[in-house]
Amino acid sequence: SHVVAVWDAANSKFYMYGDGVKISNPEWESRSFNGSPVGNLTFFTPTKVLIGAWGSNLPGETPDTWQVPATGQIDEVRVWKTTLSEQDIKSLFELEKAGR
């Protein structure tokens, strides 16, 4: 699967895409604070990148029984400094599908 998460700082919206198609629910996308945009993502507490598991799966934490680590494999992760458009995401998916 080709999964893309996009943060649009200008509009305070998160978008999720799966295999080149937007799959997020518009009700979930809006992340404004009291109706005002929040801008760039800012984390005020120390944060770790964790892909394929819940934070409670880290050593010293106690996960709930349903919080199990992923058993699949991830072959590539990319981080972009710009908001990708829907066409950008669709094009990236098509290129990956074509093996390029």
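Before any of the text, the structure's been laid out above.
Predicted model only: the values in this text are computed from it and were never measured. (Residues numbered from 1 in each chain as written. Predicted model: local features only at pLDDT ≥ 70, side-chain atom pairs only at ≥ 80, totals over all residues. Heavy atoms only, no water.)

Draft legend 1. The sheet that holds strand E1 (residues 3-8), seen in detail. Ordered in space as E1-E2-E3, the three strands form an open sheet in which the pairing is antiparallel. Two strands in the sheet have a free side with no partner beyond their single neighbour: E1 and strand E3 (21-22). (Pairing = 2+ DSSP bridges. Helix = DSSP H or I, 4+ residues; strand = E, 2+ residues; numbered from the N terminus.)

Draft legend 2. Structural detail: the side chain of serine 56. Relative to the elements of secondary structure, serine 56 occurs in the loop between helix H1 (26-29) and helix H2 (86-97). Polar contacts involving the side chain of serine 56 include one to the side chain of glutamine 67, which spans 2.8 Å. Setting aside residues no more than four positions away along its own chain, serine 56 makes contact with Glu61, Thr62, Pro63 and Gln67. (Polar contact = N/O pair within 3.5 Å; in protein donor to acceptor, adjacent residues only side chain to side chain. Contact = heavy atoms within 4.5 Å.)

Draft legend 3. Local environment of the nonpolar core. One finds Val4, Val6, Tyr15, Tyr17, Leu84, Ile89 and Leu92 forming the largest nonpolar core, which totals seven residues. Of all the elements in the fold, those that place two or more residues in this core are E1, strand E2 (13-18) and H2. Not counting chain neighbours up to four residues away, the residues in contact with valine 6 comprise Lys13, Phe14, Tyr15, Tyr17, Thr83, Leu84 and Ile89. (Core = buried A, V, L, I, M, F, W, Y, C linked by side-chain atoms within 4.5 Å. Buried < 20%, exposed > 50% of the residue type's maximum accessible area, 1.4 Å probe, protein only.)

Draft legend 4. Here's a closer look at the pattern of salt bridges. For the coordinates displayed, the defined rule picks out five salt bridges. Across the pair glutamate 29 and lysine 22 runs a salt bridge, and its minimum N-O distance is 2.7 Å. Assessed through its relative accessible area of 5%, glutamate 29 is described here as buried. Close ionic contact of arginine 78 with glutamate 96 constitutes a salt bridge, the shortest N to O distance being 2.8 Å. Taken together, the residues span a long stretch of sequence, with arginine 78 in the loop between H1 and H2 and glutamate 96 in helix H2 at a distance of 18 residues. Since its relative accessible area comes to 32%, glutamate 96 is described here as partly exposed. Linked by salt bridges that have partners in common, Glu76, Arg78 and Glu96 make up one network. (Salt bridge = Lys/Arg side-chain N within 4 Å of Asp/Glu carboxyl O.)

Draft legend 5. View of the layout of surface pockets. Its volume calculated, the largest pocket comes out at about 1500 Å³. Contributing to the lining of the largest pocket are 32 residues, with Val3, Ala5, Val77, Arg78 and Val79 lying nearest its centre. When residues of the lining of the largest pocket are traced back to their parent elements, those giving at least two are E1 and H2. Among the elements that take part in the lining of the largest pocket, E1 stands out by supplying five residues, more than any other. Each residue belonging to the lining of the largest pocket can be placed in one class, and the counts come to 19 nonpolar, six polar and seven charged. (1 Å grid on protein atoms, 1.4 Å probe; cavity = no way out; pocket = protein on both sides within 12 Å on 5 of 7 lines; lining within 4 Å. Points joined across faces, edges and corners; volume = space filled by probe spheres on them. Nonpolar A, V, L, I, M, F, W, Y, C, P; charged D, E, K, R; others polar.)

Draft legend 6. Structural detail: unusual backbone geometry. A positive phi angle is found at serine 12, which is not glycine, with a value near 50°. One can find serine 12 in the loop between E1 and E2. According to the relative accessible area criterion, serine 12 is buried, its value standing at 0%. Its identity is not glycine, yet aspartate 19 carries a phi of approximately 50°, on the positive side. Its location among the elements puts aspartate 19 in the loop between E2 and E3. Judged by relative accessible area, aspartate 19 falls into the partly exposed class, the value being 34%.

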